[in-house]
Amino acid sequence: MLGHGLTLKLHAVASAPGSLSSDVDSRLPGVESFQGPQALQSVSSCSSSAFFNNSTRGSTRSIQKNFKNSTKGSTISIQKNFLSRVETLPGHLACPAGSCDQIAAFGPRAILASDPATDDKVAREFRLEEGLQLRVKVLGASPASPTQVEFQVTNCHFNSLVLYWGLTKDGKRDWFYPSQGIQKYKQGGMQTSFAKVDDVASLTIELWDAKFDAIEFILKDESTNRWFKLNGGNFHVMLPQIQVPISQTQVSIPEELVQVQAYIRWERKGKQLYSPEKEKWEFEEARKELQNEILNGVSIGELYKRLMPHGQQSHKGSAGVARRESKSMLGIQRKKIDFSELINHYPKTNSKPADVTFCSRVFTPLELGAQAIEGADNGSVLQKLSFKLGGNDLMVLVTNSGGNLHVVLASNMSEQLILHWAVSKSSAGEWQIPPDNILPAGSSVLQGSCETPFKEGFAGQSSLQSLEICISDSGFLGIPFVLRSGEQWLNNSGSNFYIPLRQTNVKIVKDLGDGEGTAKWLLDEIANRESDAERSLMHRYNIAVDLTNQAKDEGELALIGILVWMRFMANRQLTWNKNYNVKPREISAAQDRLTDLLQAIFRDQPQHREITRLIMSTVGRGGQGDVGQRIRDEILVLQRKNDCKGGMMEEWHQKLHNNTSPDDVVICQALLDYIENDFKIEYYWKTLNSNGITKKRLASYDRPIVSEPRFRPDLKDGLLHDLRAYLRTLKAVHSGADLESAIAICMGYSAEGEGFMGGVQIHPISGLSVELPKLLRFVVGHVEDKEIIPLLGGLLESRREVRPTLLKHHTRLRDIIFLDLALDSTVRTAIERGLESLTNAQPLDISLVISMVLENLCLSADNNEELVYCLKDWHSILEANKFGGEQWALRAKAVLDRTRLALADRAEHFHEVLQPSAVYLGGLLGVEQWAVDIFTEEMIRAGSAVALSQLLNRLDPILRSIAHLGSWQVISPVEVHGRVVVVGELGEVQDKIYDRPTILVANRVKGEEEIPDGAVAVLTPDMPDVLSHVSVRARNSKVCFATCFDLDILSDLKAKEGRSLRLQPTAADLVYSEIGNTELSEDGMAAPLIDGPPPAIALKKKYFIGKFAVAADEFNSDLVGAKSRNIGFLKEKLPSWIKVPTSVALPFGVFEKVLSEKENKDVAAKVSSLDRLLRQGDLSKLYEIRQIVLELQAPSQLVEELKNKIKISNIPWPEDDGQERWEQAWLAIKKVWASKWNERAYLSTRKASIDHSDLCMAVLVQEIVRADYAFVIHTTNPANGDTSEIYAEVVKGLGETLVGAYSGRALSFVAKKSDLKSIKILGYPSKRFGLFINQSIIFRSDSNGEDLEGYAGAGLYDSVAMDKEEEKVVDYSSDPLVVDCNFQKSILSKIAEAGAAVEELYGFAQDIEGAIKDGELYIVQTRPQM
């Protein structure tokens, strides 16, 4: 594209018979913009329809177009050997030193030429502004004539048009030009003026030297100083090479191209088995075909592009993919990327069965009729099968009534059906004519079968048709059949239908439940069709296609049902074949259909990609062309070539012909291991048994394998070669995650492995990254290396390169998915192999491997936002300036803790969505209980999460050692002893009363629970904040509370359940030892149990004093609680740099007043009734009371007074945005009042013997601080009681994540009051979520039951924002509080100074909450530190 609207027309023609011309090359290799003498600025360009053909350097093309010589213009004739080399600088034409001020002068000579416009069909034009056009013709050279380059600008109104140009050769960026007797332009290029006649400016350049590749140029009008360029750079025109006529035999074709062409010929002819002579002939014929193409003008480059698009050489040999890269290649240079690009986040879908569309679907008439039959036979249904007949259905029921079998077939097909059927006695594939006594009326006996017409009606439904067969003979195995409708035959996806008449290994399963948490409708249908699926893998895959089509639009649980079923199949919990002869190509074709459907789901439903990947990993790729049939053909060739036609090999051959399965991959590998280990039979059995194949299983095949392999030693090399090749063929069909076959198929290397076509690159996938082939060759070359870090780098770079193609529509998406699955699987196996080598690794090396495994998980997982942010944190850790120090270890420990939490959530989600389906379907299908119990665990182990968890466990103690953390964080250091009790969650036992001193070992502690009566200690691996509610209550109640980081210690504690221990904690460690029961009862250190209720804490009853709202200057102890009074006090006393939000309040008694209003009398009656039941011990009424309180109506006086007080205090009033905003505010107020009946609060007051009816609730109203950070300060260090230290915790966003049940830790630090600028960070943040909000109002609870002597009631009741907070995953890798030391010190020291200022006002330790917004510090509440 040219500036000033120029359009360039390029023309490549032959100037003499037999000479070859060149395309114009638009690639501009190595050449940047040509700049003018005064650092010319780039000229603008306009849109153009110009078209440039790419050409392969070094190749030639003959374009048979005649082009007449031009009659106008000037010609420059450049003779041989008058050239000197000039170096090219980026962005400039080259200029030799000392010659930059010289001007080129060329003397034109006239040549005959005709107007080129007559050949418009070949010409390409670039149009200029004001109607100008530029045309370029390249006339090819011959030994007797030069190359001519003709330039013509038409409609030209410029009078001083000049061509600036130079020549290139050998594909380099350097410029060459004539030097003898020629002056140069000062910028280093040739300068040639156009000759102008009328409005046409033209010139011609003749080049005699054949060594040049191209001419490069730009144009300039000297009078106006206007430059014309191509997209800001040089025009680049390829020059033809002088050629002489050649014969076919003189054309050399690369052997790899000949091989591919021979493959195509062989494929066209049906891939016959060739003799050596025939192979040689086929190669030579392929060579001749390609030589003829070259003679007809096709270039070698075009042949590569057509036959080998990736330009990679194919290689034969056992690897089957590529030569192994040199071992000196240490690794792949990893690219830096923005990891945020890996995030895929989809809205959460409710997995409850009630939300699954099909759970409430309307049953079809056919299904209703079947239900009627089932009910009539009192549940004696032996088989229930359903089949698809195009868009219609066929239902089959087999029932047992009075010792006779009744087989009922029914269909909703409108055209009449005829059953073409037989019976089988010895095998499912057998057809015998049924005896007369079971033939229904109207049947016709044929040769080897019979036919019976369907009759109108089924179970009272006239729109259906059916027939019934009554069988009294119990000797029949089943009924094979097909259907006929007129002249149309209907079968089961290419095979016969089959009705089993016997139930084998039937397990009576009781109490399966109602299938809660599953797509029950689908699981029931799977169970109904399992007996038909057992016939063969072909049947199973065909049925899976039908059921997956039904499930694909029914949400996550339906697809999980398919996954569980296929996983049970892959784990050999379901029968693969029952006496049914299926050709391998039929199995692979069925796999094709299923994987084609799954790739469509993967493409169209991105929110279900992870589930779809898991399903595909259980299925295998299926056939590529006739790869399934090759399983049969190649075993015959293998036996013939290696003289092994009898014994075990013949048994295996028969098994392969009858019904190939994934077991055959294992059998082939076992044979290879046996041969490689000098024919030692124990290696054969070791491989089989380690993959679940026993002698019993081998003997159970329809074509049993009962012999052991026996081969002649002299056949070793041939057997190894041929079995390795055969293994690739087996994997190509049966293995979805096999790396070698996946690479072979994607990169275009076939997996035949037999015959002279083995390893030929054919049918490669288009559109893949150009970097991918090199990466995959590296992976294959290093896949077995002990040093795994370079391999992991190659694998992950490969997955990155595959990902863009994976996420868009592609005709071969299935193969790309299988390649990605294989790369994913190889990462896992590499880690498992390399764990031992990391035993003594440095923390940075382990951190690097963790980041790589986590990246692999991110590339596979749906809703991976938090995993990606963990990944960003790991890379931030690796790139930190200071390695190995205490602060680095603390930060790495926080990232490690967060990663663990993310993995735990992922495992919990998997268990929640997978296990119910595994339990329900496993029960229906009679799957072994152990396989059901570990189903989810094994699914998790199949991914990267387990390896990642192992790496985290390995790094954790190293980081704790560097950071001097020890194995414990003791939150409440109280020496106690008691009996060990292990619980799942502390919340599950918070209302329990233990009758003896109890040490609770709790797997989960969220942070807002109550500690149950009788508990003297809570030990947990969870990480509640030191200032969380449960932590504060533990310290106030003198309960030992500690987090255990060492999983071995935690396991030991759990193993001591029921025993009595003494706990002796310090601030940084905890020592425990066993004691006897006598010592437990006598030792006074244990917290004594109190006989009878504790002394009651009396609350002063508060009453309504006639005001619905009060301003801050009215706050007193009769109207509001300590929270509101403290805010009023602070606003007047604190220095100006500490901000305090303006406040108003709904005082004590307002709730009771509203409840007593006439419009709320029904609500009051319900609350009173429920409260009576609550006092009788029914805690379930707490929730009901909270819901009833939300029904309160607001008196108009309350609304008016509150609006007035808020307006006077300059707080934005919600109703400014309409009635809906007021309703939001009123709902928030009611929620604060209702929190009086929170479970946690109620249990706490009952435990303290507080009369719940005396508890009154004021509501503090403040404009919410839209915090960047929130903090809590204790002005005395709670961990050690040090009054000289301030302790604080900081979170990102609002403070609810700090005081509420949000997993992970806050940033924590201490500062000496004597030096508040010196901050010591104790721990970095691992909170996973932050809460953020727009401008809003918050309504805070302020009861008369908080901050009492001997009772810590703070935090028991709710504070509610008028608007809903937005929960966001937190990214610490770019958070200045974590990564910017200066910002960190400024903010944290400001928090410490604020804490000291508040404590100084009160004169005693304070518990302070506040926020940071835009660098400003706010205090939102304070109370005495308990």
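On a predicted model such as this, the values are computed, not experimentally measured, just so you know. Just so you know, the residues in each chain are numbered from 1, in the order the chain's sequence is written. Reporting of local features is limited, given that this is a predicted model, to residues whose pLDDT is at least 70; pairs of side-chain atoms are given and counted only at 80 or more, and all residues count toward the totals for whole chains, interfaces and linings. To get the side-chain values, take all heavy atoms of the structure and skip hydrogens and water.

## As for the overall build of the protein chain
Point 1. We count a stretch as a helix when DSSP gives it H or I for four or more residues in a row; a strand needs E for two or more, and each element gets its number in order from the N terminus. For the protein chain, the helix and strand inventory stands at 38 helices and 46 strands.
Point 2. Relative accessibility decides the category of a residue: with a 1.4 Å probe and only protein chains considered, values under 20% of the type maximum give buried, values over 50% give exposed, and everything between is partly exposed. Of all 1426 residues assigned to the protein chain, the portion counted as buried reaches 57%.
Point 3. Sequence separation of 24 or more characterises 73% of the internal contacts of the protein chain that already satisfy a separation of 6 or more. Should any heavy atoms of two residues lie within 4.5 Å, those residues are considered in contact.

## Regarding the environment of glutamate 256
Point 1. Here glutamate 256 lies in helix H1 (residues 255-268).
Point 2. Residues glutamate 256 and leucine 307, 51 residues apart in the sequence, show an inter-C-alpha distance of 9.6 Å.

## Concerning the environment of leucine 1119
Point 1. Along the chain, leucine 1119 falls in the loop between strand S33 (1110-1111) and helix H29 (1122-1133).
Point 2. The class for leucine 1119 is buried, based on a relative accessible area of 8%.
Point 3. For the pair formed by leucine 1119 and alanine 1145, sequence separation is 26 residues and the distance between their alpha carbons is 8.8 Å.

## Considerations on the packing of helix H31 (residues 1161-1175) against helix H32 (residues 1181-1189)
Point 1. Axes, fitted as lines to C-alpha atoms, cover a helix only where it is in contact. Angles between the N-to-C directions of the axes lie from 0 to 180 degrees. As a packed pair, H31 and H32 sit with axes 9 Å apart at the nearest point and diverge in direction by 165 degrees. Here H31 is positioned roughly antiparallel relative to H32, judged by the angle of their axes. The way H31 lies across H32 gives a crossing that is left-handed. Each of Val1163, Lys1166, Val1167, Leu1170, Asp1171, Leu1173 and Leu1174 in H31 lies in contact with H32, whose residues at this interface are Lys1181, Leu1182, Glu1184, Ile1185, Ile1188 and Val1189.
Point 2. Broken down by class, the residue content of the contact of H31 with H32 amounts to 9 nonpolar, no polar and 4 charged. Should an angle lie under 35 degrees it is considered roughly parallel, over 145 roughly antiparallel, and from 65 to 115 roughly perpendicular; all remaining angles are considered oblique. Left-handed describes a crossing in which the near helix is turned anticlockwise from the far one by less than a right angle; the clockwise case is right-handed. Gly is placed with the polar residues, together with every amino acid not listed as nonpolar (Ala, Val, Leu, Ile, Met, Phe, Trp, Tyr, Cys and Pro) or charged (Asp, Glu, Lys and Arg).

## A word on the packing of aromatic side chains
Point 1. Stacked, tilted and edge-to-face pairs are distinguished by plane angle, under 30 degrees for stacked and over 60 for edge-to-face with tilted covering the rest, among Phe, Tyr and Trp rings (Trp via its six-membered ring) whose centres lie within 6.5 Å. Applying the stated rule across the entire model yields 19 aromatic pairs.
Point 2. Judged by centre distance (6.1 Å) and plane angle (45 degrees), the rings of tyrosine 674 and phenylalanine 711 are tilted. Within this pair, whereas tyrosine 674 is found in helix H12 (residues 663-676), its partner phenylalanine 711 is found in the loop between helix H14 (695-700) and helix H15 (716-734), the two being separated by 37 residues in sequence. Across the pair, phenylalanine 711 and tyrosine 674 agree in class, each one buried.
Point 3. On the numbers, 5.1 Å between centres and 50 degrees between planes, the contact of phenylalanine 1104 with phenylalanine 1108 is tilted.

## Some points on the pattern of salt bridges
Point 1. By convention in these notes, a salt bridge is any Lys or Arg side-chain nitrogen within 4 Å of a carboxyl oxygen on Asp or Glu. Summed over all chains, the structure comprises 66 salt bridges.
Point 2. Between aspartate 824 and arginine 613 there is a salt bridge, with its nearest N and O atoms 3.1 Å apart. Highlighted residues: aspartate 824 in helix H19 (residues 813-834) and arginine 613 in helix H9 (residues 609-619), separated in sequence by 211 residues. The two residues aspartate 824 and arginine 613 agree in class, both being buried.
Point 3. Note that arginine 799 and aspartate 824 form a salt bridge whose closest N and O atoms lie 3.9 Å from each other. In this pair, arginine 799 is assigned in helix H18 (residues 788-806) and aspartate 824 in helix H19, connecting sequence segments 25 residues apart. Each member of the pair, arginine 799 as well as aspartate 824, carries the same accessibility label: buried.
Point 4. Overlapping salt bridges bring together Glu866, Asp873, Arg898, Asp905 and Arg1328 as one network.

## Comments concerning the sheet that holds strand S39 (residues 1307-1312)
Point 1. Strand pairing requires that DSSP identify at least two bridges connecting the strands. With respect to topology, 7 strands assemble into an open sheet ordered S34-S46-S45-S37-S38-S39-S40, the strand pairing being mixed. Here the strands that pair on one side only, and so sit at the sheet edges, are strand S34 (1138-1139) and strand S40 (1319-1323).
Point 2. As defined by bridge partners, S39 adjoins S40 across 4 bridges and the pair is classed as antiparallel. Among the inter-strand pairings, alanine 1311 is bridged to a residue of S40, identified as isoleucine 1319.

## Some words on the packing of helix H20 (residues 843-860) against helix H25 (residues 945-962)
Point 1. Interaxial distance between H20 and H25 falls to 10 Å at its minimum, and their mutual angle equals 150 degrees. Here H20 is positioned roughly antiparallel relative to H25, judged by the angle of their axes. Taken as a pair, H20 and H25 cross one another with a handedness that is left-handed. Contact residues: H20 offers Pro843, Ile846, Ser847, Val849, Ile850, Val853, Leu854 and Leu857, while H25 offers Ala945, Leu948, Leu951, Leu952, Arg954, Leu955, Ile958 and Ile962.
Point 2. Considered class by class, the residues forming the contact of H20 with H25 number 14 nonpolar, 1 polar and 1 charged.

## A closer look at the pairing of strand S22 (residues 461-471)
Point 1. Both strand S17 (residues 404-411) and S22 contribute to a ladder of 7 bridges, which runs antiparallel. What sits directly across from valine 408, in S22, is glutamate 468.
Point 2. Sheet topology places strand S21 (residues 455-458) next to S22; 3 bridges connect them, and they run antiparallel. Considered in S22, the bridge of phenylalanine 458 is made with glutamine 461.
Point 3. In this structure, the hairpin formed by S21 and S22 is closed by a connection of 2 residues, where alanine 459 is found at a positive phi of approximately 50 degrees.

## Structural notes on the sheet that holds strand S36 (residues 1257-1263)
Point 1. Across the sheet, 5 strands lie side by side as S33-S35-S36-S42-S43; this open sheet has antiparallel pairing. Looking along the sheet, the strands with just one partner apiece sit at the ends: S33 and strand S43 (1360-1361).
Point 2. Relative to S36, strand S35 (residues 1143-1146) runs antiparallel, the two being bridged by 4 bridges. Bridging from a neighbouring strand, serine 1143 pairs with glutamine 1262 of S36.
Point 3. Across the sheet, H29 is in contact with S35, S36 and strand S42 (1337-1343); its angle to S42 comes to roughly 120 degrees.
Point 4. Strands S33, S35 and S36 of the sheet are contacted by helix H33 (residues 1196-1208), whose axis makes an angle of about 165 degrees with S35.

## Remarks on the confidence of the model for the protein chain
Point 1. Mean pLDDT over the protein chain stands at 78; residues scoring 70 or higher make up 78%.
Point 2. pLDDT expresses how confident the predictor is about each individual residue, on a scale running from 0 to 100. Confidence drops under a pLDDT of 50 for residues 505-511, and excluding neighbours within four residues, the segment shows 3 contacts in the predicted structure.
Point 3. Within the model, the stretch residues 750-757 combines pLDDT values under 50 with 37 contacts to residues more than four positions away or in other chains.

## Examining the pairing of strand S31 (residues 1060-1065)
Point 1. Among the 6 residues of S31, 5 are classified as buried, and the element is accordingly described as predominantly covered.
Point 2. Two strands pair when backbone bridges link them, and strand S27 (residues 976-985) and S31 are joined in this way by 4 bridges, in the antiparallel orientation. Bridge assignment links valine 976 to a residue of S31, and that residue is leucine 1063.
Point 3. For S31 and strand S32 (residues 1070-1075), the ladder comprises 6 bridges, and the chain directions are antiparallel. Its bridge partner being in S32, proline 1065 is matched across the sheet by leucine 1070.

## As for helix H7 (residues 556-570)
Point 1. Expected helix span is taken as 1.5 Å per residue step, with the number of steps being one fewer than the number of residues. Between its first and last C-alpha atoms H7 spans 21 Å; for 15 residues at 1.5 Å apiece the expected length is 21 Å, and the two agree.
Point 2. Residue arginine 572 follows H7 closely and has a positive phi angle near 65 degrees.

## Observations regarding the side chain of arginine 828
Point 1. Residue position: arginine 828 is located in helix H19.
Point 2. A residue is classified by how much of its surface remains accessible, and arginine 828, at 17% relative accessible area, is buried.
Point 3. Ignoring sequence-local partners within four residues, the contact set of arginine 828 consists of Arg941, Ala942 and Gly943.

## Description of the state of the cysteines
Point 1. Note that a disulfide, as used here, is simply two cysteine sulfur atoms within 2.5 Å. Counted under the stated rule, the structure contains 0 disulfides.
Point 2. Cysteine 870 supplies the cysteine sulfur nearest to cysteine 858, a cysteine that is in no disulfide, at a spacing of 8.0 Å.

## Digging into H31
Point 1. With 15 residues, H31 should reach 21 Å at 1.5 Å per residue; the first-to-last C-alpha distance of 21 Å fits that figure.
Point 2. For H31, every residue scored as buried is listed here: Val1163, Val1167, Leu1170, Asp1171 and Leu1174. Seen from one end, H31 has its buried residues packed into an arc of 110 degrees, which puts them on one side. In H31, the exposed positions angled more than 90 degrees off the buried face are occupied by Lys1161 and Asp1162.
Point 3. Here the buried face of H31 lies against helix H30 (1150-1156), H32 and helix H35 (1239-1247).
Point 4. Downstream of H31 by one or two residues, glycine 1177 has phi in the positive range, about 105 degrees. Directions drawn from the helix axis to the C-beta atoms are what define this arc.

## Describing unusual backbone geometry
Point 1. Residue phenylalanine 679 is not a glycine yet carries a positive backbone phi of 60 degrees.
Point 2. Looking at where phenylalanine 679 falls in the secondary structure, it is placed in the loop between H12 and helix H13 (681-690).
Point 3. Its identity is not glycine, yet histidine 964 carries a phi of approximately 60 degrees, on the positive side.
Point 4. A relative accessible area of 61% means that histidine 964 is categorised as exposed.

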